[in-house]
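# Observations on the three-dimensional arrangement
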Amino acid sequence: MELLAYTSVTDAPANPMGLAGVHRDTETALTASGLPVALLGNGWYTENHTGTLRDAVARGVLAGSAGTGRIAFASRAELAEAAARVLTLDGRAGRVYDLTGATAWTLAEVAAEAAAQTGAPVAYEDLPPEAYRGLLTQAGLPAPAVELIVDSDRCIARGAEHPTGDLRALRGRPTETLAAAVARALKE
C-alpha cells in the first residue's frame, strides 16, 4: 500500500507557534482527502540551537528569547530515521506521531553543557523579543526567518514544547542526550 507521510509540527491542532497554522491547514486537508496519510509532527530541531554553539562558545554567550522554557530537541537524523520507519512499516496510515526528544532542556542548560565540554565560559542570555529580533536581523537573517525564530522562542518560553515517547518508540532506542548533541555540534 502507498502511504503519504507529511512532516508537520508537534500537536499542530493546538500548537500556538505561527508556523503551525500552515501545518494545521495542510493536516486538515490531507485528512479530509481520503489518502492514506501519516502525520509526522516534528519537534524543535536540535540543530536550531546547537548550530551556532561554536560561535556562542567563542563569544561566551548563547542568545535567545525562550526564557526558562524547555525544548524537547530531536536531531534531524533522528527525525529522518523515524520518517523512514513510518514509510516502511505496515499499518501506519491514519497515525499521528509527535516526534520529540525524550527530555526537554532550557537554553541555559544547553549553554552550561557547552561550557562544561569546552572549559570556556558560556552563558545563556535571555533577550526580550524585540532585542532578539534586532540581533537576528543584524546577523543577516531574512525577516521571515527572524519572525519565525522569535515567535518560536516566545512560544517555548510559554511552555509550548513537551517531550513525547513517539520518536523513541519508532526508533526502538533512546533519543540523543544533551551531552551528545552538544558534542556533535561542537565538532561540526
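Keep in mind that what you see is a predicted model, and the values were worked out from it rather than measured. (Residues numbered from 1 in each chain as written. Predicted model: local features only at pLDDT ≥ 70, side-chain atom pairs only at ≥ 80, totals over all residues. Heavy atoms only, no water.)

This paragraph deals with the packing of helix 6 (residues 129-138) against helix 7 (residues 143-157). Put simply, helix 6 and helix 7 touch, their axes get as near as 10 Å, and they point 145° apart. Considering how the two elements wind past one another, helix 6 and helix 7 form a crossing that is right-handed. Contact residues: helix 6 offers Pro129, Tyr132, Arg133, Leu136 and Thr137, while helix 7 offers Val146, Glu147, Ile149, Val150, Asp153 and Arg154. Considered class by class, the residues forming the contact of helix 6 with helix 7 number six nonpolar, one polar and four charged. (Axes fitted to C-alpha atoms, helices over the stretch in contact; angles between N-to-C directions. Helix = DSSP H or I, 4+ residues; strand = E, 2+ residues; numbered from the N terminus. Left-handed = near helix turned anticlockwise from the far one by under 90°. Contact = heavy atoms within 4.5 Å. Nonpolar A, V, L, I, M, F, W, Y, C, P; charged D, E, K, R; others polar.)

Quick look at unusual backbone geometry now. Here the phi dihedral of aspartate 11 falls at roughly 45°; this positive angle occurs in a residue that is not glycine. One can find aspartate 11 in the loop between strand 1 (4-9) and helix 1 (20-33).

Evaluated as defined, the whole model comprises one cavity of 30 Å³ or more. Computed from the structure, the largest cavity encloses a volume of approximately 30 Å³. Lining of the largest cavity is provided by Thr46, Phe73, Ala74, Glu78, Gly101, Trp105, Thr175, Glu176, Thr177 and Ala181. Looking at side-chain class alone, the lining of the largest cavity contains four nonpolar, four polar and two charged residues. (1 Å grid on protein atoms, 1.4 Å probe; cavity = no way out; pocket = protein on both sides within 12 Å on 5 of 7 lines; lining within 4 Å. Points joined across faces, edges and corners; volume = space filled by probe spheres on them.)

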